[in-house]
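Structure at a glance
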Number of protein chains: 2
Amino acid sequence: MKLEELKTPAFLVDLPRLKANVQKMKDRARNQSVSLRPHVKTHKTAEIARMQTAEDSPGITVSTLAEARFYQKSGFEDITFAFPITANKLAEAADLTANLKFFNILLDQPQTFSAVETFGREHGITFNVFLKVDCGYHRAGVDPSKRESVQLARDLADSDFVHFKGILTHAGHSYHCHNPVEVIEIAEQERDVMVQFASGLREDGVVCRTVSIGSTPTAGHAPDWHGIDEIRPGNYVFFDKFQADIGSCQTGDVAATVLTTVVAHYPDHNQMLIDAGALALSKDLGADHLEDEIAYGGVWEHPDLKLFSISQEHGLITANNPIAFQEFPVGSFLQIIPNHSCLTAALFPEYHVVENNRVIDCWIPARGW
Amino acid sequence: MKLEELKTPAFLVDLPRLKANVQKMKDRARNQSVSLRPHVKTHKTAEIARMQTAEDSPGITVSTLAEARFYQKSGFEDITFAFPITANKLAEAADLTANLKFFNILLDQPQTFSAVETFGREHGITFNVFLKVDCGYHRAGVDPSKRESVQLARDLADSDFVHFKGILTHAGHSYHCHNPVEVIEIAEQERDVMVQFASGLREDGVVCRTVSIGSTPTAGHAPDWHGIDEIRPGNYVFFDKFQADIGSCQTGDVAATVLTTVVAHYPDHNQMLIDAGALALSKDLGADHLEDEIAYGGVWEHPDLKLFSISQEHGLITANNPIAFQEFPVGSFLQIIPNHSCLTAALFPEYHVVENNRVIDCWIPARGW
């Protein structure tokens, strides 16, 4: 099928660029002797997760229980659910624990630990649990400098209803960086905080099996991972405008775009209307800490065009200079580079896989919670 | 089922508040003798569309062809597809035209008119077409002050492959207002521009059957609709934080919320983590022209709590004063008032219908394009 035969808006995955991105991260992990447990929340498909894993590194990371169920049904056997568990999700987590070779959950609250113990005791189940650690992002996780955090790790390690897997963090503050030099600083902080906390626990006699870190920016730039067992980047399969802007990739590496139709020309306002709006792109502002102007995505091969406004189904493009409208006839097609590919991908019920400008496959992602 | 038995995040529709919002707009339209052709893009369900319509006013407005197909299958017979058509969507539009009592499309480009005529000639079909008019929003539509716009209307009226329905606009710039006084100004502009353009066309001998306008803010505040045939508001069924902020409703009228679990307390940062992030709420910033601080939604019954940060599945709440954490135990529930209910609703595969704190029904919306 030709690209032009797709209904628009449509989510496109460029297969050669995807494969190159996947291989590069595999090579990085292998060269530095860490396990790669990719976060599949970016794409939520079985097909890409199979590319990202291997017989000797089968583990994946998910962000919802719906993803965990989907991947269990797709034959994956080693899954970390990397969002802090709560009591209302323990029954489903128990079911996944019973039906997978490895199903890991995480927590950072003493109250949640109590709920896990109570559930485990009542249902005769042992959960595999990571302690979530805050390495500086301040979104979630225990403060590794506090005695209570060490105590919670010890309680997990001592519990009869918990198999304590280790410690886990996400350096999400790498997304606030301006360039790779700043990202490297965060990567070193992420590594050092975790290695130091793990050492402290081990000195205290707490068996900490796995030290798990990861974000796409830090995973792409970390100078070394001494003391780290596993990395969990996710976005790198597609990348996006944000990652290109902060230097995680080149714009030409981005493997996911949204195909859209040029709907109308408005020369009086130097504007073009496209059929990709907030429901096709998300309203993520991208790396707005680097930009003077709001943009809801880039335009593939047309960096001069600015997607400055979106509403539910409408997108409006302008430019600093008069748009050469004859280059973009009404009814012709553009590809939008998403600001944040995870959020954009999540809006589509199917992905069209493209090679040499032909649609060669269609992948169906997991959805919901 | 109790609310607390739902998996979180979950999309809740409060049935009594929904019914009140639906009835109020019906009454307004009836009292002012205009047809109400509700825009169903906000909810995309058959159940709410049935409440909004009646035997003597069966028409609805949709934003995608997927919605049009869904409503056709659900028994609706009079549908306006209120996004400008393009050549690649004409085959599907032709199919809907053949299978519905009335299926209306719209356009504002001479090139698109040519494509419609060519398709109509080749396939022996007559499309019902509105001319889209720009009443000041500058997102889409012809400039009513221009001779070319009158000419396009005349061409539509004269075409053998078009049944010219009339003119249609959307005063989306009402969303930039600060209060009802400003909204009334936009409502008067929306009405006056359209009535004047219709008069001009009629004086020129162009039969303009329907003058169609509508946005939730202007529909709620317009002082009168003399010369207007039909209004197309959509958001009013649910309302949201944005509409409350600009004065379209009270916060207590909002009929859609997202149920979320309190996942963790971080007293050192005066923060709470919830399991409603960007994939449950959208990253719409709401009425940010009225706010000093970014907020990704309100917290039902807790206006002091601020949802200041969201990522894919994480939401972070803070407050100006120290949070009374004991009021929000880990594992307890909150309801988030969406900034923009249309975008939030679109993220959920199902809506849970609530009355007296019980879940009494589950509605499945249309999705995709």
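Residues numbered from 1 in each chain as written. Chains lettered and ligands numbered in written order. Predicted model: local features only at pLDDT ≥ 70, side-chain atom pairs only at ≥ 80, totals over all residues. Heavy atoms only, no water.

All right, on to the confidence of the model for chain A then. With 100% of its residues at a pLDDT of at least 70, chain A reaches an overall mean of 97. What the predictor reports for the complex is a pTM of 0.97 with an ipTM of 0.97. (pLDDT = per-residue confidence, 0-100.)

Right, let's talk about the pattern of salt bridges for a bit. What the rule picks out here adds up to 32 salt bridges over all chains. Between A:K7 and B:E92 there is a salt bridge, with the nearest N and O atoms lying 3.4 Å from each other. In this pair, A:K7 is assigned in the segment before β1 (10-14) and B:E92 in helix α4 (residues 90-99), connecting two distinct chains. With a relative accessible area of 17%, B:E92 lands in the buried category. We note a salt bridge from A:E291 to A:K241, for which the minimum N-O separation is 3.3 Å. One end of the pair, A:E291, is in the loop between α10 (278-281) and β12 (297-299); the other, A:K241, is in helix α9 (residues 241-246), and 50 residues separate them in sequence. The exposure class assigned to A:K241 is buried, which follows from its relative accessible area of 18%. Ionic contacts of the salt-bridge type, sharing partners, join the residues A:K7, B:R69 and B:E92 into one network. (Salt bridge = Lys/Arg side-chain N within 4 Å of Asp/Glu carboxyl O. Helix = DSSP H or I, 4+ residues; strand = E, 2+ residues; numbered from the N terminus. Buried < 20%, exposed > 50% of the residue type's maximum accessible area, 1.4 Å probe, protein only.)

So, about the packing of α4(B) against helix α5 (residues 110-123) of chain B. Residue and element names in this part refer to chain B. Viewed as axis vectors pointing N to C, α4 and α5 meet at an angle of 60 degrees, and their least axial separation amounts to 11 Å. Between α4 and α5, the angle falls in the class oblique. The handedness of the crossing between α4 and α5 is right-handed. Contacts between α4 and α5 involve L90, A91 and A94 on the former and, on the latter, A115, V116 and F119. Tallied by class, the residues present in the contact of α4 with α5 amount to six nonpolar, no polar and no charged. (Axes fitted to C-alpha atoms, helices over the stretch in contact; angles between N-to-C directions. Parallel < 35°, antiparallel > 145°, perpendicular 65-115°, else oblique. Left-handed = near helix turned anticlockwise from the far one by under 90°. Contact = heavy atoms within 4.5 Å. Nonpolar A, V, L, I, M, F, W, Y, C, P; charged D, E, K, R; others polar.)

This model, assessed by the stated rule, comprises 18 aromatic pairs over all chains. Plain terms: the ring middles of A:F11 and A:F238 are 5.7 Å apart, the flat faces sit at 65 degrees to each other, and that makes the pair edge-to-face. Of the two residues, A:F11 is situated in strand β1 and A:F238 in the loop between β9 (230-231) and α9; the sequence distance between them amounts to 227 residues. Residue A:F11 shares its accessibility class with A:F238, and that shared class is buried. Considering the side-chain rings of B:Y71 and B:F76, the 5.3 Å spacing of their centres and the 85 degrees angle between planes classify their relative orientation as edge-to-face. Judged by relative accessible area, B:Y71 falls into the buried class, the value being 0%. Cluster of aromatic residues (ring-pair linked, three or more members): A:F11, A:F238, A:F348, A:Y351 and B:W369. (Phe/Tyr/Trp six-rings, centres within 6.5 Å; stacked < 30°, edge-to-face > 60°.)

All names here are of chain A. Across the sheet, which stays open at both edges, the eight strands sit in the order β2-β9-β8-β7-β6-β5-β4-β3 with parallel pairing between neighbours. The open sheet is flanked by β2 (35-36) and β3 (60-62), the only strands paired with a single partner. When strand β5 (residues 102-107) meets strand β6 (residues 127-132), the two strands line up parallel, connected through four bridges. Bridged to L106 within β6 is F130. Together, β5 and β6 form the strand contacts of helix α4 (residues 90-99), whose direction differs from that of β5 by roughly 150 degrees. Docked against the sheet, helix α7 (residues 180-203) engages β6, β7 (162-168) and β8 (210-213), running at close to 160 degrees with respect to β8. (Pairing = 2+ DSSP bridges.)

With 59 residues of chain B at the contact, the number on the chain A side is 59 residues. Taken together, the two surfaces of chain B and chain A that pack against each other cover about 4,800 Å², and 58% of this comes from carbon and sulfur. Area buried by chain B at its contact with chain A is led by B:R139, B:Q312 and B:W369, which between them contribute 17% of it. Note that A:D284 and B:K283 form a salt bridge whose closest N and O atoms lie 3.0 Å from each other. For the interface between chain B and chain A, the tally reads 27 residue pairs in polar contact (both at pLDDT 80 or more). (Buried area = accessible area lost by both parts, 1.4 Å probe. Polar contact = N/O pair within 3.5 Å; in protein donor to acceptor, adjacent residues only side chain to side chain.)

Our next topic: the sheet that holds strand β2 (residues 35-36) of chain B. Residues and elements named next belong to chain B. The sheet built from eight strands is open, its strands ordered β2-β9-β8-β7-β6-β5-β4-β3 with parallel pairing. This sheet does not close on itself; its edge strands, each paired only once, are β2 and β3 (60-62). Along the sheet, α4 contacts β5 (102-107) and β6 (127-132); its crossing angle with β5, the most-contacted strand, is approximately 150 degrees.

What follows concerns the relation of the copies chain B and chain A. By a simple turn and slide, chain B fits onto chain A: the slide is 0.0 Å along the axis, the RMSD is 0.0 Å, and the turn is 180 degrees. Here the copies are linked by what is in effect a two-fold axis. Across chain B, the smallest distance between a C-alpha and the rotation axis is recorded for B:K283, namely 2.6 Å. A shared binding surface is used by both copies, with 100% of the interface residues of chain B retained as interface residues in chain A. (Least-squares fit on C-alpha atoms with pLDDT ≥ 70 in both.)

The next thing to look at is helix α7 (residues 180-203) of chain B. All names here are of chain B. Given a rise of 1.5 Å per residue, 24 residues ought to cover 34 Å, and the 34 Å separating the end C-alpha atoms of α7 matches this to within 8%. For α7, the complete set of buried residues consists of V183, I186, A187, E190, R191, M194, F197, A198 and L201. On its buried face, α7 is in contact with β6, α6 (147-158), β7 (162-168), β8 (210-213) and α8 (216-221). Its side-chain oxygen at 3.1 Å from the backbone nitrogen of V181, N179 defines the N-terminal cap of α7. Just past α7, the residue G205 takes up positive phi, approximately 85 degrees. (Expected span 1.5 Å × (residues − 1).)

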